[in-house]
Amino acid sequence: METETAEQFATRLKPDSSEIAHKVIKTKMWDTSKNVIIVFYSVINKNNTEMKYDGQSSNIFVGYLFMQKEGLEYQKILIDTLEEFNNQKIEEIFFCNADNDETQELAVLLSSEMNPWTSKCSGTVYNTYFYNNPGSFVTLEKTELFKDLQSKFYGCDCDCKYDYHENAKFKTVTEIKNELMRLGYN
């Protein structure tokens, strides 16, 4: 890793049939003495392709933290596996406070297109996933998802049957952070 960029490191370690789905992040957010590389890969779900009504294949995002242990040794920790609707896209990966401690958490804002064949709605769904900071990562295999918080940041810019329309409230990092502050997380 010493002579590699974070992007080269992430490319070298990417799973088969995948590509990097968002800008690779290199940070010292949780430990100022050690690097953390955050990467999400888009993996083609070949088993699910024929189940799509619109002919599109389903992609899955798999995210990892690569946490520096000592020197050039890194520990690979699963962030999550995300599968939404068609044409999903990682809009933003950012840090915010989503609990009552001072350390910032990792957040992923995902958008995806609704499939009118299966949902009777068309439009874009926005979903934000919040992950607890890894803290002492020595034995950590997967990050902790804040499911209760995630449900508050789900929304759709969509039109549905029977003249129903909905506008998503949280489509940007600023909107999400403002709502977290309103909820009491600084």
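That block above? That's the structure.
Presented here is a report on the structure given in the accompanying data block.

## Comments concerning the nonpolar core
Right, on to step 1. Ranked by internal contacts, the top residues of the largest apolar core, which has 19 residues, are Ile38, Phe40, Leu65, Leu82, Ile93 and Leu106.
Right, on to step 2. Other than its neighbours up to four places away in sequence, Leu106 contacts Trp30, Ile38, Leu65, Ile79, Ile93, Phe94, Phe95, Tyr129, Phe130 and Tyr131.
Right, on to step 3. Ranked by size, the runner-up nonpolar core spans 15 residues in total, among them Phe94, Phe146, Phe170 and Val173.

## Overview of unusual backbone geometry
Right, on to step 1. For Ser17, which is not a glycine, the phi torsion comes out positive at approximately 55°.
Right, on to step 2. For Ser17, a relative accessible area of 44% gives the class partly exposed.

## Brief notes about the side chain of Asn97
Right, on to step 1. Position of Asn97 among the secondary structure elements: in the loop between β6 (86-96) and β7 (105-113).
Right, on to step 2. A polar atom in the side chain of Asn97 sits 3.2 Å from the backbone nitrogen of Asp99.
Right, on to step 3. Filtering out sequence-adjacent residues up to four positions away, Asn97 remains in contact with Glu102, Thr103, Gln104, Glu105, Leu180, Tyr185 and Asn186.

## Structural notes on the pairing of β7
Right, on to step 1. Burial analysis of β7 places eight of its nine residues in the buried class, which makes it a mostly covered element.
Right, on to step 2. Two strands pair when backbone bridges link them, and β6 and β7 are joined in this way by eight bridges, in the antiparallel orientation. Opposite Glu92, over in β7, you have Leu109 as the bridge partner.
Right, on to step 3. As paired strands, β7 and strand β8 (residues 121-131) are joined by eight bridges and run antiparallel to one another. Of the residues in β8, the one forming a bridge with Ser111 is Tyr126.

About the thresholds
What you see as residue numbers is a count from 1 along each chain, following the sequence as written. This being a predicted model, a pLDDT of at least 70 is required before a residue's local features are given, and a value of 80 or more before pairs of side-chain atoms are given or counted; all residues contribute to the totals for chains, interfaces and linings. Here the side-chain values reflect all heavy atoms present in the structure, with hydrogen atoms and water set aside. Buried Ala, Val, Leu, Ile, Met, Phe, Trp, Tyr and Cys residues that are joined via side-chain atoms within 4.5 Å together make up what is termed a nonpolar core. Categorising residues by exposure relies on relative accessible area from a 1.4 Å probe, with only protein chains included: less than 20% of the type maximum marks a residue as buried, more than 50% marks it as exposed, and the intermediate range marks it as partly exposed. Note on definitions: a residue-residue contact is assigned when non-hydrogen atoms from the two residues lie within 4.5 Å. A run of H or I in DSSP counts as a helix once it spans at least four residues, and a run of E counts as a strand once it spans at least two, with each numbered from the N terminus. Pairing of N or O atoms within 3.5 Å defines a polar contact, subject to two protein rules: one partner must be a possible hydrogen donor and the other a possible acceptor, and residues neighboring in sequence count only if both atoms are side-chain atoms. Two strands qualify as a pair provided that DSSP identifies no fewer than 2 bridges between them.

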